[in-house]
Amino acid sequence: MSESSAEVVANAATAAVAASAAGAAGGWRRATGIAGVAIGVVAAGAAAGVALERMTVGRGMRQKARLALDSAGPYGSLRGMPGKAFSDDGTELYYEVDDLDPDAAPAALGPRRRRLFGRKAPAPVTVVFSHGYCLNQDSWHFQRAALRGVVRTVHWDQRSHGRSGRGVAQGRDEPITIEQLGRDLKAVIDAAAPEGPIVLVGHSMGGMTVMALADQYPELVRERVVGVAFVGTSSGRLGEVNYGLPVAGVNAVRRVLPGVLKVMGQRADLVEKGRRATADLFAGIIKRYSFASRDVDPAIARFAERMIESTPIDVVAEYYPAFNDHDKTEALAHFADMPVLVLAGVQDLVTPSEHSEAIADLLPEAELVLVPDAGHLVMLEHPEVVTDRLADLLTRTGAVPAGATVKGYGSTSSTAQPG
């Protein structure tokens, strides 16, 4: 996209805000098309003004393909034991627990049990997965499938995402903060893993949530957290990300996007109609900002699209400002004395890999993994790499025995079994 065309997009978005403020019905109908594009960009964690490839397949055929993928795709169908936690403002948070496989656990814990001479075995390590912006717990599908049975895991939906309730504080017009997400994670840990060691895994916004937890509850990290994985995330300075756009385009987007989002959040019903009407553009934007590989499985791309498009526009709008305020660089010090994995896609346009490198620089003992030909949703795009490095981290923390192997990245029936 040229700088001049980026300015055109920005000016059009500004006009949409003005038209909506005036309450003109015709203006809203015109703005809806622009909003549909902008929503897709924001929902993918990017910015307005994406250059799309020319589509060569008819709209009807594309719609049939999406329906076929929806009916046949197995991704996101894994379920565990459900539970509910309640944050400090009363927001209901949904989580699921995958417990140790009874057949695998004795073999894995045998040596430890023998050393205890008949005493009660300690609580197992629990791995808590936190997902990113406009996603849900199912974004960890491959890792969940591969680790099932060999380690206790908790997957939860952040407030206003997935099966969790809408933020109670946001219903009172209180803005979302990353600090609030840290308190939400604390509530989930208290409910789902009240005792025993913990490994924290966070992708994108989920990684920021983990940092916010450490910032507010350093004693919890010191006493119970034995390892952490940061996947495609950032400790701050997100306002400097250019999303692959030229300088003029980025500046233009930053100038108008907060106002556009505020207006769209206030007229969510109309905007959702525009979002559906621009489904093809939406899909193209998501693919560009989620993946880097040209040969991404269409079922995976559609899976990501479904997760993102399920996030209501008013939720998209209320979260967005929190990212510019996010700065948890100092909180990283709480993870300095434990095994840490920092992993990112080299071609991530949302949280560039340089942000992961900055995290690793502050945690010299961390393992830094930069995945070539990978975008923001690296755990879906290259699940074998993410799961392999995560399994290694779990081995280093003692959560998984050294002889265990994980396998079967792509099937919902996959399990992890001791080797």
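Residues numbered from 1 in each chain as written. Predicted model: local features only at pLDDT ≥ 70, side-chain atom pairs only at ≥ 80, totals over all residues. Heavy atoms only, no water.

**Notes on the overall build of the protein chain**
Within the protein chain one finds 17 helices and 10 strands. For the protein chain, with 419 residues in total, the buried portion stands at 54%. Taking as baseline every contact in the protein chain between residues at least 6 positions apart, the subset at least 24 positions apart corresponds to 81%. Entry remark: accessible area of the protein chain is about 17,600 Å², with carbon and sulfur atoms responsible for 53%. (Helix = DSSP H or I, 4+ residues; strand = E, 2+ residues; numbered from the N terminus. Buried < 20%, exposed > 50% of the residue type's maximum accessible area, 1.4 Å probe, protein only. Contact = heavy atoms within 4.5 Å. Areas by Shrake-Rupley, 256 points an atom, 1.4 Å probe, with all protein chains shown as cover.)

**Some details on the sheet that holds strand β6 (residues 225–231)**
What the 8 strands build is an open sheet, ordered β1-β2-β4-β3-β5-β6-β7-β8; its pairing is mixed. Each end of this open sheet is capped by a strand with a single partner; those strands are β1 (81–86) and β8 (367–371). Each strand axis lies, on average, 20° off the axis of its neighbour in the sheet, ignoring direction. One ladder, built from 5 bridges, connects strand β3 (residues 126–130) with strand β4 (residues 152–156); its direction is parallel. In the sheet register, S130 faces β4, and the bridge partner there is W156. Packing against the sheet, helix α15 (residues 353–362) makes contact with β6, β7 (340–345) and β8, and its axis sits at approximately 165° to β7. (Pairing = 2+ DSSP bridges. Axes fitted to C-alpha atoms, helices over the stretch in contact; angles between N-to-C directions.)

**Quick word on the packing of helix α7 (residues 178–192) against helix α8 (residues 205–216)**
The geometry of α7 relative to α8 is characterised by a closest axis approach of 7 Å and an angle of 80° between their N-to-C directions. What the angle tells us is that α7 and α8 run roughly perpendicular. Contact residues: α7 offers I178, E179, L181, G182, R183, L185, K186 and I189, while α8 offers M205, M208, T209, V210, A212, L213 and Q216. Its residues assigned to classes, the contact of α7 with α8 comprises 9 nonpolar, 3 polar and 3 charged. (Parallel < 35°, antiparallel > 145°, perpendicular 65-115°, else oblique. Nonpolar A, V, L, I, M, F, W, Y, C, P; charged D, E, K, R; others polar.)

**Structural notes on the pattern of salt bridges**
Pairing is possible between side chains of opposite charge, provided their charged atoms come close. Summed over the entire model, instances satisfying the criterion amount to 23 salt bridges. Of the charged contacts, one joins R159 and D89 as a salt bridge, the two residues approaching to 2.9 Å between their closest N and O atoms. Residue R159 is located in the loop between β4 and α6 (168–171), and its partner D89 is located in the loop between β1 and β2 (92–98); the two are separated by 70 residues in the primary sequence. Of the two residues, R159 and D89, neither departs from the other in class, the shared state being buried. Put simply, D388 and R389 hold a salt bridge, and the shortest N to O gap is 2.7 Å. Among the charged side chains, a salt-bridge network with shared partners connects R79, E96, D98, D138, R144 and R148. (Salt bridge = Lys/Arg side-chain N within 4 Å of Asp/Glu carboxyl O.)

**Some details on the pairing of β4**
With respect to burial, β4 is a largely interior element, 5 of its 5 residues being buried. Alternating positions in β4 separate into two faces, R152, V154 and W156 on one and T153 and H155 on the other, with burial throughout. The pairing of β2 with β4 spans 4 bridges and is antiparallel. By the bridge assignment, Y95 is partnered in β4 with W156. The parallel pair β3 and β4 is bridged by helix α5 (residues 141–147), and the resulting crossover is right-handed. (Right-handed = clockwise from strand over helix to strand, strands pointing away.)

**Points about the side chain of R144**
Tracing the backbone shows R144 in helix α5. R144 has contacts with L78, R79, G80, E96, D98, Q137, D138 and H155, leaving out every residue within four places of it along the chain.

**As for the environment of H161**
Here H161 lies in the loop between β4 and α6. Among the residues examined, H161 registers a relative accessible area of 1% and is labelled buried. Taking C-alpha positions, H161 is 7.0 Å from L135, a pair spaced 26 residues apart along the chain. Polar side-chain contacts of H161 include one of 3.0 Å to the backbone nitrogen of C134. (Polar contact = N/O pair within 3.5 Å; in protein donor to acceptor, adjacent residues only side chain to side chain.)

**Quick word on the packing of aromatic side chains**
Inspection of the entire model under this criterion finds 6 aromatic pairs. Aromatic side chains Y133 and F323 sit 4.9 Å apart centroid to centroid with 65° between the ring planes, which places their arrangement in the edge-to-face category. Taken as a pair, Y133 in the loop between β3 and α5 and F323 in helix α14 (residues 313–325) lie far apart in primary sequence, 190 residues in all. In this pair, the class of Y133 matches that of F323, namely buried. Taking NZ or CZ as reference, K186 lies 5.2 Å from the ring centre of Y217, over its face. For R288, the ring lying beneath its charged end belongs to Y289, and the centroid distance is 5.5 Å. (Phe/Tyr/Trp six-rings, centres within 6.5 Å; stacked < 30°, edge-to-face > 60°. Lys NZ or Arg CZ within 6 Å of the ring centre and 35° of its normal.)

**Looking at the environment of S160**
The topology assignment puts S160 in the loop between β4 and α6. Along the primary structure S160 and D314 are separated by 154 residues, whereas in three dimensions their C-alpha atoms are 9.8 Å apart. Leaving out residues up to four positions away in the same chain, S160 has contacts with G165, R166, G167, V315, E318 and Y319.

**Details of the confidence of the model for the protein chain**
Should pLDDT be low for a region, the predicted coordinates there are not to be read in detail. Looking at the protein chain as a whole, its pLDDT mean stands at 79, while 65% of the residues score no less than 70. Note that pLDDT drops below 50 for residues 410–419; the model gives that stretch 32 contacts with residues more than four away or on any other chain. (pLDDT = per-residue confidence, 0-100.)

**Thoughts on a nonpolar patch on the surface**
Taken together, the side chains of V346, L368 and L370 present a nonpolar region at the surface, about 210 Å² in accessible area. As for its position among the elements, L370 is in strand β8. (Patch = residues over 30% accessible without salt bridge, like charges linked within 9 Å, V, L, I, M, F, W, Y side chains within 5 Å.)

**A few points about the pairing of β2**
For β2, the buried fraction is high: 6 of the 7 residues fall into the buried class. Looking at chain direction, β1 and β2 are connected through 6 bridges and run antiparallel. Paired with K84 across the bridge in β2 is Y94.

**Remarks on unusual backbone geometry**
A positive phi is found at S204, a non-glycine position, where the angle reads about 55°. Structurally, S204 is set in the loop between β5 (198–203) and α8. Taking the relative accessible area as the measure of exposure, S204 reaches 6% and is therefore buried.

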